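Structural description and commentary
Residue-level listing of the chains:
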Amino acid sequence: MAREDMDSEDAPLFRPTRDGYRWDGVAYQPYKQDGSAPFKDISRQVLFHDPAFGCELRYFEMDAAGYSTLERHEHAHAVMILRGHGECLLGTEVRTVKPHDLVTIPAWTWHQFRATVTEPLGFLCMVNQTRDRPVLPTEDELAAMKAEPAVARFLAG
Ligand code: MN
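Right, let's walk through the structure included here. Nothing here was measured: the structure is a model prediction, and the numbers come from that model. (Residues numbered from 1 in each chain as written. Predicted model: local features only at pLDDT ≥ 70, side-chain atom pairs only at ≥ 80, totals over all residues. Heavy atoms only, no water.)

**Thoughts on the side chain of Asp 101**
What counts here: Note on conventions: DSSP H or I runs of at least 4 residues are helices, E runs of at least 2 residues are strands, and numbering of each starts at the N terminus. Each residue is assigned to one of three classes by its accessible area relative to the maximum for its type, calculated with a 1.4 Å probe on protein chains only: buried under 20%, partly exposed between the two thresholds, exposed over 50%. In what follows, residue pairs with any heavy atoms lying within 4.5 Å of each other are defined as contacts.
Position of Asp 101 relative to the elements: it lies in the loop between β6 (93-97) and β7 (102-105). We classify Asp 101 as buried; its relative accessible area is 18%. Contacts of Asp 101, omitting those with residues within four sequence positions, involve Val 79, Met 80, Ile 81 and Thr 96.

Next up, the structure:
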């Protein structure tokens, strides 16, 4: 494949950070939020997405008390916590997370991240470029998840 057929928006080879969690040439994408949004106060920045990689590396950040969408999908995630503290739901387990912790989210595993109320929670997330759309839990699936007390506490916020 010719170079010009690949990504027409090739990122520069060097993109300095601005304040540690923003980067030159990287769009800051706050998630649109309305009353029904299943997430709160979270933003995404796609750091690397050259098709030659086959994967993307994104940086997600939640404000204090923010949380990501409770979802699952066929594709997997590889996550490294970069800043802050919080909890993550991983299937039927709830884990506390801190900077530099590594989290693998296998296919079809329910997952959600939640920041503490005192500081933002930011993490790197590696994912396949070609991937299926996330699905949200049905009422029955939510009820089944809440059968696990730790999960019920986590989902209650
Ligand atoms: Mn996901």
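From this point, the narrative continues.
**A closer look at the layout of surface pockets**
Condition: Cavities and pockets were defined on a 1 Å grid built over protein atoms only: a cavity is a set of grid points that admits a 1.4 Å probe from which the probe cannot escape, a pocket is an open set flanked by protein on both sides within 12 Å along at least five of seven lines, and lining residues are those with an atom within 4 Å of any such point. Grid points are joined across faces, edges and corners, and a volume is the space filled by probe spheres set on the points. Gly is put with the polar residues, along with every residue not named as nonpolar or charged; the nonpolar set is Ala, Val, Leu, Ile, Met, Phe, Trp, Tyr, Cys and Pro, and the charged set is Asp, Glu, Lys and Arg.
Within this model, the largest pocket holds a volume of roughly 550 Å³. Counting residues per element, the ones that place at least two in the lining of the largest pocket are β2 (40-48), β3 (55-67), β4 (77-83), β8 (111-115) and β9 (121-128). A per-element tally of the lining of the largest pocket places β9 first, with 3 residues. A per-class count over the lining of the largest pocket returns 13 nonpolar, 6 polar and 6 charged.

**Focus on the pattern of salt bridges**
This is how it is decided: When a carboxyl oxygen of Asp or Glu lies within 4 Å of a side-chain nitrogen of Lys or Arg, that pair is called a salt bridge.
Inspection of the entire model under this criterion finds 8 salt bridges. A salt bridge links Asp 41 to Lys 40; its shortest N-O distance comes to 2.9 Å. Asp 41 gets classed as partly exposed once you look at its relative accessible area, which sits at 25%. Judged by its relative accessible area of 30%, Lys 40 is partly exposed.

**Topic: the pairing of β8**
Going by this rule: Each pair of strands is called paired provided DSSP finds at least two bridges between the two strands.
Across the 5 residues that make up β8, a large majority, 5, are buried. Side chains of β8 alternate between two faces, with His 111, Phe 113 and Ala 115 and Gln 112 and Arg 114 buried alike. Judged from the 5 bridges that link them, strand β5 (residues 86-90) and β8 form a sheet pairing that is antiparallel. Counterpart to Glu 87 in the pairing with β8 is Arg 114.

**Topic: the side chain of Gln 45**
Here is the rule we go by: Any pair of N or O atoms that falls within 3.5 Å is considered a polar contact. Within protein, one atom must be able to donate a hydrogen and the other to accept it, and sequence-neighbouring residues count only if both atoms are side-chain atoms.
Structurally, the position occupied by Gln 45 is in strand β2. Residue Gln 45 is classed as buried on the basis of its relative accessible area, which comes to 1%. Engagement of the side chain of Gln 45 in a polar contact is seen with the backbone oxygen of Tyr 21, the distance being 2.9 Å. If near-sequence neighbours (up to four positions away) are discounted, Gln 45 is found in contact with Tyr 21, Arg 22, Trp 23, Val 26, Ala 27, Tyr 28, Leu 57, Arg 58 and Tyr 59.

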